[in-house]
Amino acid sequence: KPAEQIVGGGVTSVTLEEILNIVETDTVIIKIDVEGSECKALREYLVDNKKMKFIPYIYMEWFQIADNSIICPDILGIIKGFQDSGYKPVGNYLANEELSLDTYKTWHDVLWVHKDAKPFQSPAPAQ
């Protein structure tokens, strides 16, 4: 938008790497919802071979990027980045139900689970 159409003050954006730099723990769980910009937000982390934090789980909305070449022009590259980084796509996380890569255009929400992540356990029933 032209400057005269912008209402309010500016916003400072940060990258995932910048956020991870200030987090004091070595293990981080991510739930990302950036309205279709997930590819852009995660790309650098996925291609970095020297990851500074262990991220066992990345939960994200998938339906907005799955079949949208404008928002995510390299969706297959993003999937490969997840795979190369040791992640598998899971639909039903309690059942550890791995999603078929052949159906990536039909996924809605995805939990990417790292190969070294501890499995989820169902919560104990309420007494």
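Each chain has its residues counted from 1, running along the sequence as written. With the structure being a predicted model, the display of local features is reserved for residues of pLDDT at least 70 and the display and counting of side-chain atom pairs for 80 or more, all residues being used for whole-chain, interface and lining totals. Side-chain descriptors were evaluated using all non-hydrogen atoms of the structure, hydrogens and water having been removed beforehand.

K.L.:
Quick one: what's the story with helix 3 (residues 75-84), residue by residue and with numbers?
P.N.:
Burial status follows relative accessibility: with a 1.4 Å probe on protein chains alone, a residue under 20% of its type maximum counts as buried, one over 50% as exposed, and anything between as partly exposed. Strands are runs of DSSP state E lasting at least two residues, helices are runs of H or I lasting at least four, and both sets are numbered from the N terminus onward. Among the residues of helix 3, Ile75, Ile78, Ile79, Gly81 and Phe82 are the ones counted as buried. For helix 3, the arc enclosing every buried residue in end-on projection is 155 degrees, short of the 170-degree limit, so these residues lie on one face. Turned more than 90 degrees from where helix 3 packs its buried face, Leu76 and Asp84 sit exposed. Of the residues trailing helix 3, Gly86 is marked for its positive phi of about 95 degrees. The reported arc concerns the directions from the helix axis to the C-beta atoms and nothing else.

K.L.:
I'd like to hear about the packing of aromatic side chains, residue by residue, with values.
P.N.:
Pairing of aromatic rings covers Phe, Tyr and the six-membered ring of Trp, with a centre-to-centre limit of 6.5 Å; geometry is then stacked below 30 degrees between planes, edge-to-face above 60, and tilted otherwise. Enumeration over the complete set of coordinates arrives at five aromatic pairs. Ring plane angle 50 degrees and centroid distance 5.2 Å describe the contact between Trp62 and Trp107, whose orientation is recorded as tilted. Residue Trp62 is found in the loop between strand 2 (57-61) and helix 3, and its partner Trp107 is found in the loop between strand 3 (87-90) and strand 4 (109-114); the two are separated by 45 residues along the sequence. Clustering of aromatic rings is evident, with ring pairs tying together Trp62, Phe82, Tyr87, Trp107 and Trp112. Between the NZ or CZ atom of Lys51 and the centre of the ring of Tyr45, over which it lies, the distance is 4.9 Å. Sitting over a ring, as applied to charges here, requires NZ of Lys or CZ of Arg to be within 6 Å of the ring centre and within 35 degrees of the ring normal.

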